[in-house]
Amino acid sequence: MSGAIASIVIGSARVLIFGVNISSLTALVVLLVLTVISFYISKKNITTFRKFIYINGSNIVIVFLALFFLVKDPHKLSIVLTYYRAIAILGGFIIYYISDYVVRSNENFRILKDSAERDFLTGLNNVRQFDSIWNTHVTNAKERKERLSILLIDIDHFKNINDTYGHPVGDLVLKELGNVLKQTTRSFDTVSRNGGEEFSVILPDCPNKQAVEIAERIRIAVAKHEFEISSTEKINITVSIGEC
């Protein structure tokens, strides 16, 4: 879509600046054809580098055909084709490597940002992100005079699970509990793992009575949930919840 819009804008600008002529119309057609080809190639299940080679190659071929159509002087055509081919190939590789570097840098930044805010095991907010979100909610609640509640959740006898089944099973239980908490809270509540077997749920605009009801819903849901620790064995756990 962005390529199509850019092609229309560039082509329309050429028409407005140079008038309606065979050159401007050819340029518009070339841009639109390249957009369609680029879209088709981008959907193919191949590496990014091969996509770049195909698209840049298509660009050179289509522009060459347009120049053959527009430039009648063989000498000028030879010079234009030589320079365009060199610029397209060299410039294309430079743009590819710059774009690839930007994409990888953005992805690395996203991973670092996510690891700084998310618990590596459950994918929930970690304690650092919890502190930031909690402080924001407290400030907003004071300014807007809204009600704010928080649930502090702890797995009962979690050490026994680790001692009996091993820490890998304990990790499975923690991860699955995170899913249960997200499923039994409101979409705008904030679920975090504060450390070990300790979790929390921030309940914005929530009075004490409703917070107790949510806590009870969580407690019942966890008690009923069967935690699958192997292909043949499931266990049940309970949690204690404090509310304020």
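All of these numbers come straight from a predicted model, not from anything done at the bench.

S.K.: Just to check I follow, could you spell out the packing of helix α7 (residues 167-184) against helix α8 (residues 208-224) for this structure?
M.R.: Two numbers describe a pair of packed helices, the interaxial angle and the distance between the axes. With their axes 10 Å apart at the nearest point, α7 and α8 run at an angle of 140° to one another. Accordingly, the angle class assigned to the pair α7 and α8 is oblique. Here α7 runs over α8; the crossing is right-handed. Note on element contacts: α8 touches α7 through R217, I218, A221 and V222, opposite L177, V180, L181 and T184. Of the residues that constitute the contact of α7 with α8, the class distribution is six nonpolar, one polar and one charged.

S.K.: I keep staring at the pattern of salt bridges and nothing clicks. Help me out?
M.R.: Should their charged atoms come close, side chains of opposite charge can pair. Following the criterion strictly, the structure yields eight salt bridges and no others. Among the ionic pairs, D119 bridges to R193, the shortest N-O distance being 3.2 Å. Of this pair, D119 sits in the loop between α4 (74-117) and α5 (127-144) while R193 sits in strand β2 (residues 190-195), and the two are 74 residues apart along the sequence. Of the residues examined, D119 reaches a relative accessible area of 11% and is grouped as buried. On the accessibility criterion, R193 (12% relative accessible area) is buried.

Scoring rules and cut-offs
Residues numbered from 1 in each chain as written. Predicted model: local features only at pLDDT ≥ 70, side-chain atom pairs only at ≥ 80, totals over all residues. Heavy atoms only, no water. Axes fitted to C-alpha atoms, helices over the stretch in contact; angles between N-to-C directions. Helix = DSSP H or I, 4+ residues; strand = E, 2+ residues; numbered from the N terminus. Parallel < 35°, antiparallel > 145°, perpendicular 65-115°, else oblique. Left-handed = near helix turned anticlockwise from the far one by under 90°. Contact = heavy atoms within 4.5 Å. Nonpolar A, V, L, I, M, F, W, Y, C, P; charged D, E, K, R; others polar. Salt bridge = Lys/Arg side-chain N within 4 Å of Asp/Glu carboxyl O. Buried < 20%, exposed > 50% of the residue type's maximum accessible area, 1.4 Å probe, protein only.

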